[in-house]
Amino acid sequence: MAILTSQQLTGRISSHVQPLPSLSWHLHPQAAAAFAALVADAARQGIDLAVASAFRDFNRQLAIWNGKFRGEQPLLDRRGVRLDISAMDEEAIVRAILQWSALPGASRHHWGSEIDVFDRAALAPGARPRLIPEEYASDGVFAGLTGFLQRNAARHGFFLPYDRERGGTQPEPWHLSFAPLSVPALRALTLPVLSEALQDAPLDGAAVVRRLLPEIYERYVLRVAPAPPQTLAPQASPQ
Ligand SMILES: [Zn+2]
């Protein structure tokens, strides 16, 4: 399986991804092929597996980060209540952004192996998913999708890295990761690689981020679910 370069790992170049057929999102071709098989599998079970997000580059993540830091986009607390950034110091703002958004360079979405999914068949025509855990719970609109992923994702190489609260990124039951790419990518994304990617970036709060970087790296990069062994030897077969 392809090994990504430091530039690719941190989203600064996009030579490792390609457009998905008929979609506006990009993915690594190996993840795209596995995802196509998962989509076909889902369709046989009445699930219209749709993409809410896939590859995002460094600059896209940087725009999200700076927009929140400057108060141009709403900054929410853990309960989803809007925060007043004028009453917060830079470290508090950085910590609040990290509750919901990855640091540029540290997003798994840079790798082309990650896909946020929902079931379009479970929504009213034209309705958008909110991407909140309640939708994916056993009594939520996407409960059928959650069950499908539990039964089928691993044999296609996919798992949920944000399966539960681990002291870092909040649980994201919609975030699929293609292990044959993402396991080596996580290993290759070392603290020095991340640090180098941020060096000359026009990142708001850069001094605070630099000071907190070892902690941010440990909590928001490393604290994820391990890939189940089956995902690294996918045996996708039609059923
Ligand atoms: Zn995601």
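Refer to the preceding data block for the structure.
To start, this report covers the structure provided alongside it. (Residues numbered from 1 in each chain as written. Predicted model: local features only at pLDDT ≥ 70, side-chain atom pairs only at ≥ 80, totals over all residues. Heavy atoms only, no water.)

Looking at the element boundaries, E135 is found in helix α5 (residues 133–136). Of the residues examined, E135 reaches a relative accessible area of 9% and is grouped as buried. Distance in space between the C-alpha atoms of E135 and F118 is 9.3 Å, their sequence separation being 17 residues. (Helix = DSSP H or I, 4+ residues; strand = E, 2+ residues; numbered from the N terminus. Buried < 20%, exposed > 50% of the residue type's maximum accessible area, 1.4 Å probe, protein only.)

We now examine the coordination of the zinc ion. Only H109 (NE2), D116 (OD), D116 (OD) and H175 (ND1) from the protein reach the zinc ion as donors, at distances of 2.1 to 2.7 Å. Each of the four donor atoms bound to the zinc ion contributes to angles spanning 52 to 152°, and the resulting shape is irregular. Spacing between the donor residues of the zinc ion along the chain follows H-x6-D-x58-H. By the burial criterion, H109 is buried, and D116 matches it. (Donors = N, O, S within 2.8 Å, 3.2 Å for Na, K, Ca; no water. Tetrahedral: all angles 85-135°; square planar, octahedral: opposite > 155°, others 65-115°.)

What the four strands build is an open sheet, ordered β3-β4-β6-β5; its pairing is antiparallel. Strands with a single pairing partner mark the edges of an open sheet, and in this sheet they are β3 (49–53) and β5 (158–159). Strand direction decides the pairing type here: β5 and strand β6 (residues 175–178), joined by two bridges, are antiparallel. Bridge pairing links F158 to F178 in β6. Strands β4 (114–119), β5 and β6 of the sheet are contacted by helix α7 (residues 179–188), whose axis makes an angle of about 85° with β6. (Pairing = 2+ DSSP bridges. Contact = heavy atoms within 4.5 Å. Axes fitted to C-alpha atoms, helices over the stretch in contact; angles between N-to-C directions.)

For the rest of this paragraph, the subject is the packing of helix α2 (residues 29–44) against helix α6 (residues 143–152). Between α2 and α6, whose axes approach to 11 Å, the crossing angle comes to 125°. When the interaxial angle is binned, α2 and α6 end up oblique. α2 and α6 meet at a crossing whose hand is right-handed. Contact residues: L38, D41 and A42 in α2; F148, L149 and N152 in α6. Residues of the contact of α2 with α6, tallied by class, amount to four nonpolar, one polar and one charged. (Parallel < 35°, antiparallel > 145°, perpendicular 65-115°, else oblique. Left-handed = near helix turned anticlockwise from the far one by under 90°. Nonpolar A, V, L, I, M, F, W, Y, C, P; charged D, E, K, R; others polar.)

Purely geometric stuff here, so don't read any function into it on its own.
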